[in-house]
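Survey of secondary and tertiary structure
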Amino acid sequence: TGTELNEMPAFFILQGAPASGKSTFIHDNDLDAFTVSSDEIRIELNGIGIDADGNPCIPQDNQQQVWRIVESRLRSAVNSRQPVVVLDAMNAVARNYRRFGDYAAANGYDVYLVDFTDVDADECKHRNASREEFRRVPEFVIDNFYSRFNGYVPDGYVAISRDEAASIVKSFIE
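Residues numbered from 1 in each chain as written. Predicted model: local features only at pLDDT ≥ 70, side-chain atom pairs only at ≥ 80, totals over all residues. Heavy atoms only, no water.

1. A short note on the overall build of the protein
Looking only at helices and strands, the protein has seven helices and seven strands in total. Scanning the protein from its N terminus toward the C terminus, one meets helices and strands in the order β-α-β-α-β-β-α-β-α-β-α-α-β-α. Whereas a compact globule of 174 residues would reach a radius of gyration of roughly 16 Å, the protein reaches 16 Å, a difference of no more than 12%. Its C-alpha atoms put the protein at 50 × 35 × 30 Å along the principal axes. The buried share among the 174 residues of the protein stands at 43%. For the protein, the share of sequence-separated contacts (at least 6 apart) that also reach a separation of at least 24 residues comes to 78%. With an accessible surface of roughly 9300 Å², the protein has 47% of that area assigned to carbon and sulfur atoms. (Helix = DSSP H or I, 4+ residues; strand = E, 2+ residues; numbered from the N terminus. Rg over C-alpha atoms; globule rule 2.2 N^0.38 Å. Buried < 20%, exposed > 50% of the residue type's maximum accessible area, 1.4 Å probe, protein only. Contact = heavy atoms within 4.5 Å. Areas by Shrake-Rupley, 256 points an atom, 1.4 Å probe, with all protein chains shown as cover.)

2. A look at the confidence of the model for the protein
Of the residues in the protein, 94% have a pLDDT of 70 or more, and the chain-wide mean is 89. Counting interchain partners and residues more than four positions distant, the pLDDT-below-50 stretch residues 1-5 has seven contacts. (pLDDT = per-residue confidence, 0-100.)

3. Some words on the pairing of strand β1 (residues 10-15)
Burial runs high along β1: six of the six residues are buried. With burial as the criterion, each face of β1 is covered, one bearing A10, F12 and L14 and the other bearing F11, I13 and Q15.

4. Points about the pattern of salt bridges
Taken as a whole and assessed by the stated rule, the structure comprises 10 salt bridges. Measuring nitrogen to oxygen at the nearest pair gives 2.8 Å for the salt bridge that ties E40 to R135. Pair noted here: E40 is in helix α2 (residues 38-46) and R135 is in the loop between α5 (121-130) and α6 (139-148), with a separation of 95 residues, a long-range link. Residues E71 and R99 are paired through a salt bridge, measuring 3.2 Å at the closest nitrogen-oxygen approach. Of this pair, E71 sits in helix α3 (residues 63-79) while R99 sits in helix α4 (residues 94-106), placing them 28 residues apart in sequence. In this structure R99 comes out as partly exposed when scored by relative accessible area, which is 38%. A cluster of three or more residues bridged by salt bridges with shared partners is formed by E40, E132 and R135. (Salt bridge = Lys/Arg side-chain N within 4 Å of Asp/Glu carboxyl O.)

Structure (structure tokens):
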């Protein structure tokens, strides 16, 4: 036999600072194959770089190209009726993810904004220090996320916790 997926497609926009648990959520819920990650596309395009201090890092070059690829892959997943689609990025500001979620909603997807902001900045910094060296971000990046994040949930979107998202994902497997 195998697993069968429900017919109701879901589009998850993960929202949280670096080291808030977004990637862990993806791995723990077996969502890797359904995920489009801006960081993974940066690595695909640029490899692992070296920052000004000589530390390995994920290069932030080619942002326009990265986001064109993110959009292309998300649209492809939606157009092929992938049952679950996940956008893995910080998504601090609604205008940065609206075009993706709106496209999914217009194509019959339930769009969920999965909130990882219950993890405070200090905990994110602590977790960040334990990450693989190239995945670490400067602490100001975490601080900037929390200073930009406004908690706004656009009309037509449903903000849910990671636990609620995990339950929805489980409902897809019968």
